[in-house]
Amino acid sequence: MSTGTARAIPPPTRLREPATLRQRPFFVETILALVLIAVPLVLPYLGSAPNTVNRILVWGLFGIGFDILFGYTGLLSFGQSALYGTGGFVAAYLLTRAGFPYVILALVIGTIAAAAVGYLVGLIALKRTGIYFAMITVAIAEVFYFVEFNPLSEWTGGENGLPGVPTPSIPLGFTTLHFSTGWSLYPFLAVVYFLGIVLALRIVRSPVGTIFRAIRENPLRAAAVGHNIHSYKVAAFVIAAAYAGLAGGLLGVMQGFMPPEAFTFDTSGQLVIQTAIGGRGTLFGPLLGAGVWLFLQDFLQGTLKLGAAWKLVLGLVFVLLVVFLHNGIIGGLKSLYQHVRGRANGDTVAIDTIDADAARTSAREPHFRRDVPAFSGPILKATGLSKHYGGVIANADIDFSVNRGELRGIIGPNGAGKSTFFKMLTCEVSPTSGSITFEGRDITGMSVTDVCQLGLTKSYQVNQLFNRLTVRENVAIAALAALRGKLKLDMLRKMANVPGLVDQVEHTLELVNLTGRRDTPVSQLAYGEKRRLEVGLALASSPTLLLLDEPLAGMSPSERVETVKLLKSIAQGRTMIIIDHDMDSLFELAERVTVLQEGRVLVEGTPEEIKGNAKVQEAYLGGVHEGLGDTAEAVS
Ligand code: ADP
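1. Digging into the pattern of salt bridges
Under the counting rule described, the total for this entry stands at 20 salt bridges. Measuring nitrogen to oxygen at the nearest pair gives 3.3 Å for the salt bridge that ties Glu473 to Arg213. On the criterion of sequence distance, the pair formed by Glu473 in helix H18 (residues 471-484) and Arg213 in helix H8 (residues 207-217) is long-range, its members being 260 residues apart. Of the residues examined, Arg213 reaches a relative accessible area of 0% and is grouped as buried. Ionic pairing is found between Glu406 and Arg408, a salt bridge with its closest N-O pair at 2.7 Å. Looking at Glu406, the relative accessible area reads 8%, which means it is buried. Where salt bridges share partners, they join Glu406, Arg408, Arg592 and Glu604 into one cluster.

This is the structure:
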């Protein structure tokens, strides 16, 4: 076993071309541009009112940001009206009462104001997750509504809103483009929507977009592989706020009047419903949902003259759509397409942009090493480590140290405190008492994200994967944290342009023998493959000390043999600690073994010493057997 400090891992023997479709550059953008150009040429003949089409575009733009927040990052906010209203009223105020003459600049200022407010709201609301986050956003929206009507009515016009919002003009030197109302305003709104989509596509295909989806799929693991998920969530919130602010400003421009209803809860609710109808996590879902909603509304109210009953019919349509099309209309169409093509893919394309060209041009050595500080003592040292859960003593006064390059095994009966010990070492839970040093640095009380960034991480006993993403995307998420640090807002960068990413992902896939499955969604993997990917995620975050919590758990005998072989090759040049119940395998792998019992270290030694130790035999088999031989397995 190597004890050197530089963990030189041989580079991959070859970089294979990903099997998936290469991203066709600007395909989506081109189709969108063609559709937006066709709309005013076709829809008037079908009797569509230009105002309905314009309103759909404004809702669609509002929804792009919301979809990044909800569909991509998994954060359901019912408070978007607060930001829509903020952007709208700031722009409208500037253009009416303040006499500011530049419409586009006022829209930009409104967008920035909404983003700034979104940052503050996000900081507060994102302190909580799930339903509590949603409830806080509802409350914040209500506060904004109240503030707009009462203390700020001088500026916002209270229940009268702000009339007289002008439409934009763009001087071109030789002529001036005027956009007034109806179809005349359409090109302006269409261009803004188009730019909004172009920007959003860049964001969701960037490393930041990939991390957003990681947070949606499994926030715990996204943090554990080294991403500062709170800051990324705030970033998603600010992006959504900016889109909302711009859409709010356009609402005033479109109507020539900024209505106070922009701030109502109904606005937030309608946005959620439209996104659910169209399909979340698609960027276009909100536009499509708004189209269905507003055309149906016009049809039910105008053509069928249903009066107030239109809401009832729309409500039923919504329920039916959501029940039968779990992922909205776009999700339904996608499933149909995949069904027809007879294959399934991950939900988006972000990592497909790590393409073969990038693989060929990046001949760097993978990043499987970190700058190791000049430190010669044990890589890990725990002193007097205890963890109490109320009256339960999970770990008591554990002293433990591991040298660089060592492969240590940990065994112990169920409930001995092995997993709790690992959780403390990786700072997933904080110890009741005691301290941990990693490479000479006291890490006690640090966050799991910071510790991973320092080079200490673990694979989980129960798989913690990003289930709806592909194998390659999973590995890339972990690699991104190692390559970019815990927070980097490179929202316009392509995944393929992250230096070293392709190499690191490909090399990790080879190490865990999943290269052939790189484009398979995790949900379609066999159990043994998922276990290997679980190890792969930990590996891709480039640890100097890797902890594996029962990597063989639940595997068939043949899978175990294969995985032990794999672990042996992974162990070359690494420091690892492995918990497992399969003692035959662990004795084969580990150089030294620590036995835990009832939360304490019972004994530590070489596999031979452990096998012959009377206390261990007592702990496992009640002292009946002479030794722990080939067939010995922990009682589990
Ligand atoms: P092992 O991994 O060796 O099976 P664990 O570390 O999971 O053991 O558990 C050690 C003891 O701590 C058990 O008695 C378990 O019930 C208890 N324990 C672990 N986690 C918690 C928790 N979050 N809350 C309360 N008790 C816990």
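2. A short note on helix H12 (residues 285-303)
Helix length check: H12 (19 residues) gives 26 Å between terminal C-alpha atoms against 27 Å at 1.5 Å per residue, within 8%. Where H12 is concerned, the buried positions are Gly285, Pro286, Leu287, Gly289, Ala290, Gly291, Trp293, Leu294, Gln297 and Leu300. Close packing links the buried residues of H12 with helix H2 (50-72), helix H7 (186-204), helix H11 (265-278), helix H13 (310-324) and helix H14 (328-341). Lys305 sits one or two residues past H12 and shows a positive phi near 50°.

3. Notes on the pairing of strand E13 (residues 592-597)
Here is the key point about a regular strand: its side chains alternate between the two faces of the sheet. Here four bridges tie strand E7 (residues 407-411) to E13, and the two strands are oriented parallel to one another. Directly across from Ile410, in E13, lies its bridge partner Thr594. Across five bridges, E13 lies against strand E14 (residues 600-605) in antiparallel orientation. Bridging from a neighbouring strand, Val593 pairs with Gly605 of E14.

4. Looking at the site of the ligand
Tyr389, Val392, Ala394, Pro413, Asn414, Gly415, Ala416, Gly417, Lys418, Ser419 and Thr420 make up every residue found near the ligand. At 3.1 Å, a backbone N or O of Ala416 approaches an oxygen atom of the ligand. At 2.9 Å, a backbone N or O of Gly417 approaches an oxygen atom of the ligand. Protein coverage of the free-state accessible area of the ligand, which is 560 Å², stands at 60%. Of all the secondary-structure elements, those providing two or more residues to the shell around the ligand are strand E6 (392-402) and helix H16 (418-425). Per-element tally for the shell around the ligand: the top contributor is H16, with three residues. Class assignment for the residues of the shell around the ligand results in five nonpolar, five polar and one charged.

5. Overview of H14
Working note: α-helix, 3.6 residues per turn, so residues spaced by three or four point in the same direction. Taking 1.5 Å as the rise per residue, H14 with 14 residues should run 20 Å; its terminal C-alpha atoms sit 20 Å apart, in good agreement. Taken together, the buried positions of H14 are occupied by Gly328, Ile329, Ile330, Gly331 and Gln338. Looking at the packing, one finds that the buried side of H14 touches H11, H12 and H13.

6. Describing the environment of Leu552
Inspection of the secondary structure assignment puts Leu552 in the loop between strand E11 (545-549) and helix H21 (557-571). Leu552 sits 24 residues away from Gly528 along the chain, and the two C-alpha atoms are 8.5 Å apart. Leu552 has contacts with Arg560, Thr563, Val564, Leu567, Asp580, Asp582 and Ser585, leaving out every residue within four places of it along the chain.

7. Examining the sheet that holds E6
Pairing within the open sheet is antiparallel, and its four strands lie in the order E6-E5-E8-E9. For this open sheet the edge positions go to E6 and strand E9 (441-442), each flanked by a neighbour on one side alone. Where strand E8 (residues 433-438) and E9 come together, two bridges link them in antiparallel fashion. Across the sheet, residue Thr437 finds its bridge partner in E9, namely Asp442. With respect to the sheet, H16 is in contact with strand E5 (380-389), E6 and E8, its orientation differing from that of E5 by roughly 120°.

About the criteria used
- Residues numbered from 1 in each chain as written.
- Predicted model: local features only at pLDDT ≥ 70, side-chain atom pairs only at ≥ 80, totals over all residues.
- Heavy atoms only, no water.
- Salt bridge = Lys/Arg side-chain N within 4 Å of Asp/Glu carboxyl O.
- Helix = DSSP H or I, 4+ residues; strand = E, 2+ residues; numbered from the N terminus.
- Buried < 20%, exposed > 50% of the residue type's maximum accessible area, 1.4 Å probe, protein only.
- Expected span 1.5 Å × (residues − 1).
- Contact = heavy atoms within 4.5 Å.
- Pairing = 2+ DSSP bridges.
- Near = heavy atom within 4 Å.
- Polar contact = N/O pair within 3.5 Å; in protein donor to acceptor, adjacent residues only side chain to side chain.
- Areas by Shrake-Rupley, 256 points an atom, 1.4 Å probe, with all protein chains shown as cover.
- Nonpolar A, V, L, I, M, F, W, Y, C, P; charged D, E, K, R; others polar.
- Axes fitted to C-alpha atoms, helices over the stretch in contact; angles between N-to-C directions.

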